[in-house]
Amino acid sequence: MTTAETTLVEELLAGKHQALARVITKIENRTPGYREIVSQLYEHTGNAEVIGITGSPGAGKSTLVDKMAKTYRDRGDTVGVVAIDPSSPFSGGAVLGDRIRMASNVGDMDVFFRSMSARGNLGGLSTATADAVKALDAFGKDHIIVETVGAGQNEIDIVRAADTVAVLVPPSSGDGVQMLKAGILEIGDVFVVNKADLDGADRTVQELREMIEMSGGSMTVGGGHHGFDTVEVDVGEEAEEWTPSVVETVATDGEGVENLLETLADHHGYMARTGELERKARGRIANEIRTLLRDDAAGIASDELDRRGGIESFVDRVQAGETNPYDIADDVLGDLRECVEGGGR
Amino acid sequence: MSADGKQRSIRCLVAKVGLDGHDRGAHVIARAFRDAGFEVIYSGLHKAPDEIVQAAVQEDVDVLGISILSGAHNTLVPKIIDGLKEYDAFEDTLILVGGVIPDDDKAELKQQGVAEVFGPGTELEKTIEFVRENVPEKR
């Protein structure tokens, strides 16, 4: 760890905004030395409430996040936001447009909003996002919101890493709700029908409720949930279960946002009481270790490949009928495997 | 650590500041930057200098492109620069101004820390080239 990095970590912990911004840049760019920085920050994390927000484009995620941040700020809490936008697979360029919706918090430095592009990288996005969340956590943010379209496994992994996941569903999205069944329904702790002032909102709420009820007979607590905007959680019960709740909001004028925050807090409370929070954190750490190992091992293998003449030469040999990809993989990893298994430490 | 060091991407904030609703130029630049492979954050219209500073600091942009067609550049640009200095983000941000800027003012702006002023009719390639050549190496 160089002195520059030590200084940066110290400045971040002391609350310097530019240092936080720079650390996130290093995380995104995987600048040499970023791992040491994140390692240093690690012991200062674990205090923030992390919320993942996902939903189709145009569902109103950014506008809702803006209002949520404002409401948290009114309570005196600090907020960090990581907003992920897609990047062009061709040029790698991106227009990161989520910031434009952050109209309620302009000039308020205690809402730290950071746009990230997906950069089309393989699995790196979830690592980068998780590390950016750590930086915000170490900085001392009370609430951290991760916002993403949630298209593709990568992005779903990102929101799943949050303590609480809110899924936005626009009204009249009958087909959309059908789609939800496949994947997103399972990850949503709270469903938000945004733009609830539009026609069809009631129906969407209804459809979501039905689906939640159908999806898990065991999930329903105490005979259904008729409380309009809240979930009934029976605290006295032994095996407490969380039934995903459905909340209505109109993000543009802030309607229902208080209620949403209550529900999110309820969920967090439930997670803390039941030990789910701990269990989720363990899962997250396990995933992190696996991902890092996989990336690092892949790096070693790729270096070895380069030393042996590069991938193209192997492709040539396969095409010429001399060998096949399986034998090559065995061959290239052979020394490595021997080193590990043969106790070559 | 072989996975390191290949993710560098130039980040830009394209900013509209003050009472000036002409954003065609800003849009064209934002799109051209995107197509050049940059990551572009667009501020939206009618932003105050504070908001631009907040965005530039938090997003840790390499390039801040300020589009001004209202004639208020002598008031607004220094405010932004002062704000960046306050947050220690001035040194490694490349500041560009685009718009209708009289020659006399150009010199003044450059002296304050604007790297280049691009007037009407500037070719997009020229601006992109300038960014590529002058983008600060962040430490």
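Residues numbered from 1 in each chain as written. Chains lettered and ligands numbered in written order. Predicted model: local features only at pLDDT ≥ 70, side-chain atom pairs only at ≥ 80, totals over all residues.

A. Main features of the overall build of chain A. Of the regular secondary structure elements, chain A holds 13 helices and 8 strands. Counting only residues that meet the buried cut, chain A has 41% of its 345 residues in that class. (Helix = DSSP H or I, 4+ residues; strand = E, 2+ residues; numbered from the N terminus. Buried ≥ 20, exposed ≤ 12 C-beta atoms within 10 Å, placed from the backbone.)

B. Layout of the overall build of chain B. Counting secondary structure elements, chain B contains 5 helices and 5 strands. Counting helices and strands in the order they occur from the N terminus, chain B gives β-α-β-α-β-α-β-α-β-α. In summary, chain B has a C-alpha radius of gyration of 14 Å against a globular reference of 14 Å for 139 residues, a match within 12%. For chain B, the residues scored as buried account for 47% of the 139 residues in total. (Rg over C-alpha atoms; globule rule 2.2 N^0.38 Å.)

C. Representation of the interface of chain A and chain B. Taken together, the 37 residues of chain A in the interface contact 34 residues of chain B. Within the residue set of the side of chain A that touches chain B, elements represented by two or more residues are helix H2 (17–29), strand E3 (94–96), strand E4 (111–117) and helix H11 (276–307) of chain A. The element that contributes the greatest number of residues to the side of chain A that touches chain B is H2 of chain A, accounting for 8 residues. Partitioning the side of chain A that touches chain B into residue classes produces 12 nonpolar, 16 polar and 9 charged. In terms of strand pairing, E3 of chain A meets strand E2 (residues 39–42) of chain B through 3 bridges, oriented parallel. Counterpart to valine 95 of chain A in the pairing with E2 of chain B is valine 40 of chain B. (Contact = placed C-beta atoms within 7 Å. Nonpolar A, V, L, I, M, F, W, Y, C, P; charged D, E, K, R; others polar. Pairing = 2+ DSSP bridges.)

D. A look at the nonpolar core. Membership of the largest hydrophobic core comes to 116 residues, with the highest contact counts inside it found for Ala135, Val146 and Val192 of chain A together with Val40 and Ala56 of chain B. Considering each element in turn, this core owes the most residues, 9 residues, to helix H5 (residues 124–139) of chain A. Once you skip the residues sitting within four places of it in the chain, valine 146 of chain A turns out to touch Val50, Gly52, Ile53, Val82, Thr129, Val133, Ile158, Val159 and Ala162 of chain A. (Core = buried A, V, L, I, M, F, W, Y, C linked by C-beta atoms within 7 Å.)

E. Inspection of helix H9 (residues 201–215) of chain A at higher detail. Residues and elements named next belong to chain A. Relative to the 21 Å expected for 15 residues at 1.5 Å per residue, H9 spans 21 Å between its end C-alpha atoms, a close match to the ideal helical length. Looking only at H9, the buried set comprises Ala201, Thr204, Val205, Glu207, Leu208 and Ile212. For H9, the angular spread of the buried residues around the axis is 165°, confining them to a single face. Across H9 from its buried face, at more than 90 degrees, point the exposed residues Asp202, Gln206, Glu210 and Met214. (Expected span 1.5 Å × (residues − 1). Arc of directions from axis to C-beta.)

F. Structural view of H2 of chain A. All names here are of chain A. Over its 13 residues, H2 extends 18 Å from the first C-alpha to the last, a length consistent with the 18 Å expected when each residue adds 1.5 Å. For H2, the tally of buried residues reaches 12 of 13 residues, placing the bulk of the element in the interior. One or two steps after H2, the chain reaches arginine 30, where phi turns positive at roughly 50°.

G. Seen up close, the sheet that holds strand E8 (residues 245–248) of chain A. All names here are of chain A. Taken in spatial order, the 7 strands line up as E4-E2-E5-E1-E6-E7-E8 in an open sheet, and their pairing is parallel. Edge positions in the sheet fall to E4 and E8, since each of these pairs with one other strand and no more. Ignoring strand direction, the axes of neighbouring strands in this sheet form an average angle of 20°. Here 5 bridges tie strand E2 (residues 79–85) to strand E5 (residues 143–148), and the two strands are oriented parallel to one another. (Axes fitted to C-alpha atoms, helices over the stretch in contact; angles between N-to-C directions.)

H. The arrangement of the pairing of E2 of chain B in detail. Residues and elements named next belong to chain B. Covered by surrounding structure in E2 are Glu39 and Ile41 together with Val40 and Tyr42, the residues of both alternating faces. The pairing of strand E1 (residues 11–16) with E2 spans 4 bridges and is parallel. Paired with arginine 11 across the two strands is glutamate 39, which belongs to E2. Note on the crossover from E1 through helix H1 (residues 24–35) to E2: the handedness is right-handed. (Right-handed = clockwise from strand over helix to strand, strands pointing away.)

I. Representation of the packing of helix H4 (residues 61–74) of chain A against helix H10 (residues 257–274) of chain A in the model. All names here are of chain A. As a packed pair, H4 and H10 sit with axes 10 Å apart at the nearest point and diverge in direction by 80°. Taken together, H4 and H10 sit at an angle that is classed as roughly perpendicular. Judged by residue contacts, Lys67, Met68 and Thr71 of H4 engage Val257, Glu258 and Leu261 from H10. A class-by-class count of the residues in the contact of H4 with H10 yields 3 nonpolar, 1 polar and 2 charged. (Parallel < 35°, antiparallel > 145°, perpendicular 65-115°, else oblique.)

J. Inspection of the packing of helix H2 (residues 49–59) of chain B against helix H3 (residues 73–86) of chain B at higher detail. Residue and element names in this part refer to chain B. One can describe the packing of H2 onto H3 by two numbers: an axis separation of 9 Å at closest approach and a directional angle of 40°. By the angle class used here, H2 and H3 are oblique. In this structure, the crossing between H2 and H3 has a hand that is right-handed. Between H2, through Pro49, Asp50, Ile52, Val53 and Ala56, and H3, the contact on the second element is made entirely by Leu76, Lys79, Ile80, Gly83 and Leu84. For the contact of H2 with H3, the per-class residue count stands at 7 nonpolar, 1 polar and 2 charged. (Left-handed = near helix turned anticlockwise from the far one by under 90°.)

K. Just the environment of valine 14 of chain B, in detail. All names here are of chain B. Mapped onto the fold, valine 14 is located in strand E1. With 13 residues separating them along the chain, valine 14 and histidine 27 place their C-alpha atoms 8.5 Å apart. Here valine 14 is in contact with Ala26, Ile29, Ala30, Val40, Tyr42, Ser43, Gly65 and Ser67, once residues within four sequence places are set aside.

L. Local environment of unusual backbone geometry. Residues and elements named next belong to chain B. A positive phi is found at histidine 46, a non-glycine position, where the angle reads about 55°. If you trace the backbone, histidine 46 turns up in the loop between E2 and H2. Its identity is not glycine, yet aspartate 60 carries a phi of approximately 50°, on the positive side. Within the element layout of this structure, aspartate 60 appears in the loop between H2 and strand E3 (63–68). For aspartate 60, a count of 24 C-beta atoms within 10 Å translates into the label buried.

M. Expanded view of the confidence of the model for chain B. Residues and elements named next belong to chain B. On average, chain B scores 89 in pLDDT, and the residues at 70 or more come to 94%. This model gives residues 1–6 a pLDDT under 50, and the stretch forms 13 contacts once residues within four places in sequence are excluded. Reported for the predicted complex are a pTM of 0.85 and an ipTM of 0.88. (pLDDT = per-residue confidence, 0-100.)

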